[in-house]
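# Observations on the three-dimensional arrangement
Below, each chain spelled out in residue letters.
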Amino acid sequence: MIITVTAFKGGVGKTTSSIHLAAYLNNKAPTILIDGDLNRSALLWASHEKLDFPVVDEREGLKAARNYEHIVVDTPARPEIEEIRSLARGCDLMILPTSPDALSMGALQANIQTFKQLNIPNFRILMTIVPPKPSTAGTEAKEYLQSLGLPVFKRMITRYAAFPKAALEGCVVRDVKGDRYAGAGWNDYKTVGGEIYG
């Protein structure tokens, strides 16, 4: 399975989602994460050598990927139209992470317009950085997208302090010590992974 994680806006959990979905898929079969983002955020995350799957530069990815059953691609923010067309053709599923704030939702709308223009059907939207209850922002944003007939993951990714800690420590959120929400954060991604993998 080849999964591409892309967004027209930074700060919506693109790299966090790439890392955690790769971790989930790696529990099923050997998985590699290809970092195509100019910031090389996934490679920086992996530099602590605490991940149990490889993260490689996009230039190494073609050769390295031959040995893995699953491939996750973390794309540059705001990819060009031709890049999007190529990425869509080259993967099984494109995941569009978005947080429920107005700026991110606006950028998502631009994403969707481009996808419609290119006639790309193989995508699904993932609500990320969702404020915890009692906030209803995530649910309202998800229901709005569903009312437009857009494909949205059932599970949302709640905003937990454990995620930035995981990035700082270079590990998957389930391995963050001393944070009582680390398991809940991992459970969010594990549930999303189940929606992909079945």
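As the structure is a prediction and not an experimental result, all values here were calculated from the model.

### Looking at the UniProt feature "domain: CobQ/CobB/MinD/ParA nucleotide binding" (unreviewed entry) in the protein
Per the UniProt record, "domain: CobQ/CobB/MinD/ParA nucleotide binding" (unreviewed entry) is found at residues 3-170. End-to-end, the C-alpha atoms of residues 3-170 are 21 Å apart, and along that stretch the chain is 42% helix and 16% strand.

### Concerning the side chain of Thr 128
In this structure, Thr 128 sits in the loop between β6 (123-127) and α6 (137-147). Engagement of the side chain of Thr 128 in a polar contact is seen with the backbone oxygen of Val 12, the distance being 2.5 Å. Residues in contact with Thr 128, not counting those within four places in the same chain, are Val 12, Ser 17, Pro 97, Thr 98, Ser 99, Pro 100, Ile 157 and Tyr 189.

### Examining α6
Among the residues of α6, those classed as buried are Gly 138, Ala 141, Lys 142 and Leu 145. Taken end-on, α6 shows its buried residues confined to a sector of 100°, consistent with a single buried face. When the buried face of α6 is taken as reference, the exposed residues oriented beyond 90 degrees from it are Glu 140 and Ser 147. Each element contacted by the buried residues of α6 is listed here: α5 (102-117) and β6. Phi turns positive, to about 80°, at Gly 149, one or two residues after α6.

### Points about the nonpolar core
Within soluble globular proteins, side chains that are nonpolar generally end up buried alongside one another. Membership of the largest hydrophobic core comes to 34 residues, with the highest contact counts inside it found for Leu 33, Leu 51, Phe 53, Ile 95 and Ile 196. Going through the elements one at a time, β1 (2-5), α1 (14-26), α2 (41-46), β5 (93-98), α7 (162-169) and α8 (182-197) are the ones with two or more residues in this core. At six residues, the largest contribution of residues to this core is made by α1. The residues contacting Phe 53, other than those within four sequence positions of it, are Ile 19, Ala 22, Ala 23, Asn 26, Thr 31 and Leu 33. Core analysis: the next-biggest nonpolar cluster, separate from the first, contains 22 residues, Met 94, Phe 115, Leu 118 and Leu 150 among them.

### Quick look at the sheet that holds β5
Taken in spatial order, the six strands line up as β3-β2-β4-β1-β5-β6 in an open sheet, and their pairing is parallel. Each end of this open sheet is capped by a strand with a single partner; those strands are β3 (55-57) and β6. Within the sheet, the average angular offset between the axes of one strand and its neighbour, ignoring direction, is 25°. Both β5 and β6 contribute to a ladder of five bridges, which runs parallel. Residue Leu 96 lies in a different strand from β6, and its bridge partner there is Ile 125. Sheet strands touched by α1: β1, β2 (31-35), β4 (70-74), β5 and β6. Its angle to β4, the strand with the most contacts, is close to 175°. Docked against the sheet, α5 engages β5 and β6, running at close to 155° with respect to β5.

### Regarding the packing of α5 against α6
The N-to-C vectors of α5 and α6 enclose an angle of 20°; their axes lie 12 Å apart at closest approach. On the basis of the axis angle, α5 is roughly parallel to α6. Handedness of the crossing formed by α5 with α6: right-handed. Residues Met 105, Leu 108 and Gln 109 of α5 touch α6, and the partners they reach there are Ala 141, Tyr 144 and Leu 145. Here the residues of the contact of α5 with α6 are counted per class, giving five nonpolar, one polar and no charged.

### Examining the packing of aromatic side chains
Scanning all chains against the criterion turns up four aromatic pairs. With 5.1 Å between their ring centres and 85° between their planes, Phe 115 and Phe 123 make a pair best called edge-to-face. Taken together, Tyr 160, Phe 163, Tyr 181 and Tyr 189 form an aromatic cluster joined through their ring pairs. Between Arg 124 and the ring centre of Phe 153, over which it is positioned, the NZ or CZ distance is 4.5 Å. The ring of Trp 186 carries Arg 174 above its face, with NZ or CZ at 4.6 Å from the centroid.

How each quantity is defined
Residues numbered from 1 in each chain as written. Predicted model: local features only at pLDDT ≥ 70, side-chain atom pairs only at ≥ 80, totals over all residues. Heavy atoms only, no water. UniProt positions renumbered as here; feature names shortened; annotations may be inferred. Helix = DSSP H or I, 4+ residues; strand = E, 2+ residues; numbered from the N terminus. Polar contact = N/O pair within 3.5 Å; in protein donor to acceptor, adjacent residues only side chain to side chain. Contact = heavy atoms within 4.5 Å. Buried < 20%, exposed > 50% of the residue type's maximum accessible area, 1.4 Å probe, protein only. Arc of directions from axis to C-beta. Core = buried A, V, L, I, M, F, W, Y, C linked by side-chain atoms within 4.5 Å. Pairing = 2+ DSSP bridges. Axes fitted to C-alpha atoms, helices over the stretch in contact; angles between N-to-C directions. Parallel < 35°, antiparallel > 145°, perpendicular 65-115°, else oblique. Left-handed = near helix turned anticlockwise from the far one by under 90°. Nonpolar A, V, L, I, M, F, W, Y, C, P; charged D, E, K, R; others polar. Phe/Tyr/Trp six-rings, centres within 6.5 Å; stacked < 30°, edge-to-face > 60°. Lys NZ or Arg CZ within 6 Å of the ring centre and 35° of its normal.

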